[in-house]
Amino acid sequence: MDEAHPLSTPMVVRSLEVNKDPFRPPEEEEELIGPETPYLSAIGALMYLSNATRPDIAFSGTLDMSLFYANKGSAYLIGYVDASYLSDPYKARSQTGYVFTCGEKLVHVKSKSLYGRDLHNNKLTGPLPPQIGRLKRLKILNIRWNKLQDVIPPDIGELKQLTHFYLSFNNIKGEIPKELANLPELRYLHLHENHFAGRIPPELGTLQYLRHLYLNNNYLTGGIPAQLANLTNLKILYLSYNKMAGVIPASIAHIPKLTYLLVFLSIVLSTLLTLLLMTLQQFLS
């Protein structure tokens, strides 16, 4: 430390003497970063300096972009951190991120891609915010066992990478949004134990990777859309305890991987009655 040259931080004080000003223009003999230097490498070097040896350069800016600190309020350094345990089922990794503020101004932030969010059984209330559509990289959304209300915003259709959507055991109402059909990677859709009404959107039949479809214990009406027979990867289809009527489309029986099918008793009776009438007509003819 004998040869160390101390500097004041976090801001280097400028001098009226040009030769002593740390922000003076470069001299003619001074070596500059040429066009042959990769841009990302230069940025990485500057980031290392700002985090390790020269934190003062983090305060550099332009006339239009810089940090301004008021003479009021707290000047304490405050940090926020969040993490999720093994929320990436594909790589078995957790995600974490942090942000630091000073004087209510952002000074440092770091976060990895958000793959999953597990918020089940947290007594959450209110509606799903439309801003949820901004989580473009979200793959798993687990918000079951809460007290969420209102309707699913159509912005849910913006989560193109979503594979798991668990919304069961809430108080969501309204119709099942057809925008769910805009989620090409969706595999698990659990909407049971809510207050959904209206018909099942036939557009759900376009979800080619869908494996589980839980719509039971709602207030759904109408019949079973024949388009659901296009779900060739579907294994579980639960539709019981609704207000649905009509018959089970015969094409449903041809879903190759379908293992469990639960429907309401009225649909079963209607289907059996229809089959009985068809058999009777064939016999009489």
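Whatever comes next refers back to the structure up there.
Please read these numbers as outputs of a predicted model, since none were measured by experiment.

**Comments concerning the overall build of the protein**
- On a plain count of helices and strands, the protein comes out with two helices and 15 strands.
- Residue burial in the protein is summarised as follows: out of 285 residues, 31% are buried.
- For the protein, contacts bridging at least 24 residues in sequence account for 46% of all contacts bridging at least 6.
- Here the protein displays about 19,300 Å² of accessible surface, and carbon together with sulfur accounts for 58% of that area.

**Focus on the packing of aromatic side chains**
- Applying the stated criterion across every chain, the model contains two aromatic pairs.
- For the ring pair Trp 145 and Phe 169, a centre distance of 4.0 Å and an interplane angle of 5° mean the geometry is stacked. A residue pair is termed long-range when its members are at least 10 positions apart, and Trp 145 in the loop between strand E6 (140–142) and strand E7 (147–149) and Phe 169 in the loop between strand E8 (164–166) and strand E9 (173–174) qualify at 24 residues.
- Overall, Trp 145 belongs to the partly exposed group, its relative accessible area being 46%.
- Residues Tyr 214 and Tyr 238 carry aromatic rings whose centres are separated by 4.7 Å and whose planes lie at 75° to one another, so their mutual orientation is edge-to-face. A residue pair is termed long-range when its members are at least 10 positions apart, and Tyr 214 in strand E12 (residues 212–214) and Tyr 238 in strand E14 (residues 236–238) qualify at 24 residues.

**A few points about the nonpolar core**
- Phe 165, Leu 167, Leu 180 and Leu 191 are the most contacted members of the largest nonpolar core, which has 38 residues in total.
- When residues no more than four places from it in sequence are discounted, the contact partners of Leu 180 are Ile 156, Phe 165, Leu 189, Leu 191, Leu 204 and Leu 207.

**Observations regarding the environment of Ile 172**
- You can see Ile 172 is positioned in the loop between E8 and E9.
- Measuring from C-alpha to C-alpha, the distance between Ile 172 and Gln 149 comes to 4.6 Å, with 23 residues separating the pair along the chain.
- Aside from chain neighbours lying at most four places away, what touches Ile 172 is Leu 148, Gln 149, Asp 150, Val 151, Ile 152, Leu 167, Asn 194, His 195 and Phe 196.

**Considerations on the pattern of salt bridges**
- Counting across every chain of the model gives two salt bridges.
- Of the charged contacts, one joins Lys 136 and Glu 158 as a salt bridge, the two residues approaching to 3.4 Å between their closest N and O atoms. Note that Lys 136 is positioned in the loop between strand E5 (125–127) and E6 and Glu 158 in the loop between E7 and E8, a separation of 22 residues in sequence.
- Under the relative-accessibility criterion, Lys 136 is labelled partly exposed at 44%.

**A few points about the pairing of strand E11 (residues 195–198)**
- One ladder, built from two bridges, connects E9 with E11; its direction is parallel. Counted as the bridge partner of Gly 174 is Phe 196 from E11.
- Sheet topology places E11 next to strand E13 (residues 219–220); two bridges connect them, and they run parallel. The residue bridging Ala 197 from the neighbouring strand is Tyr 219, located in E13.

**Some words on unusual backbone geometry**
- A positive phi angle is found at Trp 145, which is not glycine, with a value near 55°.
- A positive phi angle, near 60°, is found at Glu 193, a position not held by glycine.
- Structurally, the position occupied by Glu 193 is in the loop between strand E10 (188–190) and E11.
- We classify Glu 193 as partly exposed; its relative accessible area is 30%.

**Quick look at the side chain of Ser 168**
- Tracing the chain through its elements places Ser 168 in the loop between E8 and E9.
- Note on Ser 168: relative accessible area 1%, which makes it buried.
- If near-sequence neighbours (up to four positions away) are discounted, Ser 168 is found in contact with Arg 144, Trp 145, His 190, Leu 191, His 192, Glu 193 and Asn 194.

**Some thoughts on the sheet that holds E9**
- Taken in spatial order, the three strands make up an open sheet running E9-E11-E13, and their pairing is parallel. In this open sheet, the two edge strands, each paired with only one partner strand, are E9 and E13.

What counts and how
- Residues numbered from 1 in each chain as written.
- Predicted model: local features only at pLDDT ≥ 70, side-chain atom pairs only at ≥ 80, totals over all residues.
- Heavy atoms only, no water.
- Helix = DSSP H or I, 4+ residues; strand = E, 2+ residues; numbered from the N terminus.
- Buried < 20%, exposed > 50% of the residue type's maximum accessible area, 1.4 Å probe, protein only.
- Contact = heavy atoms within 4.5 Å.
- Areas by Shrake-Rupley, 256 points an atom, 1.4 Å probe, with all protein chains shown as cover.
- Phe/Tyr/Trp six-rings, centres within 6.5 Å; stacked < 30°, edge-to-face > 60°.
- Core = buried A, V, L, I, M, F, W, Y, C linked by side-chain atoms within 4.5 Å.
- Salt bridge = Lys/Arg side-chain N within 4 Å of Asp/Glu carboxyl O.
- Pairing = 2+ DSSP bridges.

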